[in-house]
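Below are the chains, spelled out letter by letter.
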Amino acid sequence: MTRADRFALGLSWTVGLACITFLMLPIVITVVVSFTDSPVYTLPPPGWSFKWYAEAATRQGLWDAVLLSLNLALVSTAISLVLGTLAAIAVARGSFPGREAIATFAVSPLMMPGLVVGVALLQFFRDLGLRDAYWSLLLGHVVITLPFVMRTLLAAMNAFDFSLIDAARTLGLSYPKSILKVMIPNLAPAYLTGGLFAFLASMDNYPISIFLTDARNKTLPIKMLQYLEEQPDPSLAAMSSGLILLAVIVLAFGARTVGLNRMIQG
Amino acid sequence: MTGRLDRIGLLAVPALGFLAAIYALPLAMLLAKSVQTAEGFSLAEYRAFFADDYNIRVLARTLRVAALTTLLAFVIAYPTAFAMSRAKGIWLTVFLVALVLPMSLGVVVKAFAWSILFRANGVLNSILMGIGMTERPVRMLFTETALIVGAANVFLPFMVLPIYSVVRQLDTRLPEAAASLGATPWFRFTRVTLPLTLPGVVAGSAFVFSMSVSMYVIPSLIVGERQQNLSMLIARSFLYLRNEALGSTIAAILLAIAIAVVLLSGWLATRLGARR
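Procedures and definitions
Once a new chain begins, its residue numbering starts again from 1 and follows that chain's sequence as written. Key to labels: chains lettered from A, ligands numbered from 1, both in the order written. Only residues with pLDDT of at least 70 are given local features in this predicted model, and only at 80 or more are side-chain atom pairs given and counted; all residues enter the totals for whole chains, interfaces and linings. Just so you know, side-chain values use all the structure's heavy atoms and leave hydrogens and water out. Numbering of helices and strands runs from the N terminus, with a helix taken as a DSSP run of H or I at least four residues long and a strand as a DSSP run of E at least two residues long. Between buried and exposed lies partly exposed: a residue is buried under 20% and exposed over 50% of the maximum accessible area for its type, with that area taken using a 1.4 Å probe on protein chains only. We call two residues in contact whenever any of their non-hydrogen atoms come within 4.5 Å of each other. For every accessible area listed, the method is Shrake-Rupley and the probe measures 1.4 Å; residues are considered covered only by the protein chains on display. Reported buried area values correspond to the accessible surface (1.4 Å probe) lost by two parts on association, with both partners' losses combined. Salt-bridge detection follows one rule: a side-chain nitrogen of Lys or Arg within 4 Å of a carboxyl oxygen of Asp or Glu. Under this definition, polar contacts are N or O atom pairs within 3.5 Å; protein pairs additionally need one hydrogen-donor-capable and one acceptor-capable atom, and for neighbouring residues in sequence, both atoms have to be side-chain atoms. Note on residue categories: nonpolar means Ala, Val, Leu, Ile, Met, Phe, Trp, Tyr, Cys or Pro, charged means Asp, Glu, Lys or Arg, and polar means any other residue, Gly included. Multiplying one less than the number of residues by 1.5 Å gives the expected span of a helix. Bend is computed residue by residue as the angle between axes fitted to the seven residues ending at the residue and the seven residues starting at it. A residue's pLDDT is simply how confident the predictor is in it, with values from 0 to 100.

J.: Hey, could you go over the overall build of chain B for me, with residue numbers and the actual values?
T.: Of regular secondary structure, chain B possesses 13 helices and two strands. Projected onto its principal axes, the C-alpha positions of chain B cover 75 × 70 × 35 Å. The buried share of chain B, reckoned over its 276 residues, is 50%. Counting only contacts in chain B whose residues sit at least 6 apart along the sequence, the fraction spanning at least 24 positions is 70%. Split by element, the accessible area of chain B, about 12900 Å² in all, is 67% carbon and sulfur.

In structure tokens, the structure reads:
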């Protein structure tokens, strides 16, 4: 190894370690600050307490927002998994022209400005006369979750050996049954990864939801930003820590069943 | 046989129909409305937008912040991807957790954390004063630098992962071969390693640029209303000013930028692919 190689290696490790610190910094700070007993954000906290957790749990409207966000994330991810499975089979197995274009189109909402999609949906639903906030939000959240599911499922199905399906059909299973009993169990890691990221993206979405909510239907990110404007005390750090805990649990589950390395390839 | 395969194409209809109706059509209608007045086709809204110096400044700031955020993310991500490709065992896990955990967290949570960090009586200032680097608190919140640091932090995983996936597949024998032929380290890097990793850099940069050009929550919490970007201008036109014509026009401009980024990165990716 030459001196230049050693220098390059040293540099990449130095930056790499700084990068890890930089990425973890906001998470660590949020968790530490949430246990403070002071109403301002100082570090280290003058004393420790759980009082901001108690405060957060009693904030008006928090649990309604949590339930609405969980509901939207679960239902929209489930719809996306069904729509995404069908479309990914068509792209992977079909012989019609324009399959590349279909794949690009289905993943494209990921690259579009969320706020622009939100504005477009707001005007569109109003023109249609759709006034119900829950249904507007649900349709919007399927647009958010579908690209995540499509991206992972397309990659997985391109690598899947579809002769297994033919074998299952020779053994007497119908086509839908062989998809359910052979393909989906085989592609379980892709389903889990795509589903998890879709779920988290829906839980997190602000720019589309903000145009589709009404006074009674506010999702968690919208409610949190509203609290932040009204009264920015450490109870927000406590709520954030709750969400960090949720992400850690979801990832630990993903890491045990799929493996972190496979999750990032999705 | 082809009959069955063609019928398989019908399975794409529900998803495509959904996206056409609830995504493509609304966006097309938004574009149509921005060039439509009572008298018919008109670019008056666009002329009015570009005639206002304030809007030009907002547009310039949006593009500048997005470019600098992408650059900062690249400078951190590129060496990190190489370190990560050499990492094994527990270190690889540490890298993966440091990338995937922030990715799974809401942008509201992270932007809020950065607004705590940058506060005048906040965490970074107490660290700086603690180690004696400054005596008085430095003004950080509400500055463009703070915004770029915060945004680069949020979008960093989307730069690291595409570069990592290319670096990991890099044939390490190629730079070695160049070295055995007498290439200097600098020549090896610029002529062998860098061109081979460019597809990952293009993919990561396109992701980070398109996300930071349209970010809304991060600037709202870190710089506030005084330094607006295009997204904040859109939200303001719709939610506070109730000026939908202006809002639709800015939304169409932002959409055009996003589509340009997608097309440009796609074109670059095919060119890089063709050259290899």
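Read on, since the account is not over.
J.: Run through the interface of chain A and chain B, naming residues and quoting values.
T.: Opposite the 82 residues of chain A that make contact, chain B presents 90 residues. For the chain A and chain B pair, buried surface summed over both sides reaches about 7800 Å², with 80% attributable to carbon and sulfur atoms. By the criterion of area lost to chain B, the three top residues of chain A are F22, L23 and M111 of chain A, representing 9% of everything that side buries. For the pair chain A and chain B, the number of links is one salt bridge. The residue D127 of chain A makes a salt bridge to K33 of chain B at a minimum N-O spacing of 3.0 Å. There are five residue pairs in polar contact (both at pLDDT 80 or more) connecting chain A and chain B. Counting residues per element, the side of chain A that touches chain B draws most heavily on helix α1 (residues 3-34) of chain A, at 19 residues. Residue composition of the side of chain A that touches chain B, grouped by class: 62 nonpolar, 12 polar and eight charged.

J.: Break down the side chain of T70 of chain B for me, with residues and values.
T.: Residues and elements named next belong to chain B. Of note, T70 is situated in helix α4 (residues 53-86). Here the side chain of T70 touches A66 through a polar contact of 2.6 Å, landing on its backbone oxygen. When residues no more than four places from it in sequence are discounted, the contact partners of T70 are M159, S205, V208, F209 and S212.

J.: Report on helix α10 (residues 185-213) of chain B, specifying residues and quantitative values.
T.: Given a rise of 1.5 Å per residue, 29 residues ought to cover 42 Å, yet the end C-alpha atoms of α10 of chain B are separated by just 36 Å, more than 12% below that figure. Maximum bend of α10 of chain B: about 50°, positioned at L194 of chain B, with proline P195 of chain B one to four residues after it.

J.: Which residues make up the confidence of the model for chain A, and what are the values?
T.: Should the pLDDT be low somewhere, the predicted coordinates at that spot are not to be read in detail. Here chain A averages 87 in pLDDT, and 98% of its residues register 70 or above. Considering each helix and strand of chain A separately, the mean pLDDT is smallest for helix α12 (residues 260-265) of chain A, with a value of 75, and largest for helix α3 (residues 62-93) of chain A, with 93.

J.: Any chance you could break down the pattern of salt bridges for me, citing the residues and the numbers?
T.: Residues and elements named next belong to chain A. The full count for this structure, using the stated rule, is three salt bridges over all chains. Ionic pairing is found between D233 and R59, a salt bridge with its closest N-O pair at 3.4 Å. Linking D233 in the loop between α10 (220-230) and α11 (235-257) with R59 in the loop between α2 (51-57) and α3, this pair joins segments that are 174 residues apart in sequence. Side by side, D233 and R59 carry an identical accessibility label, which is buried.

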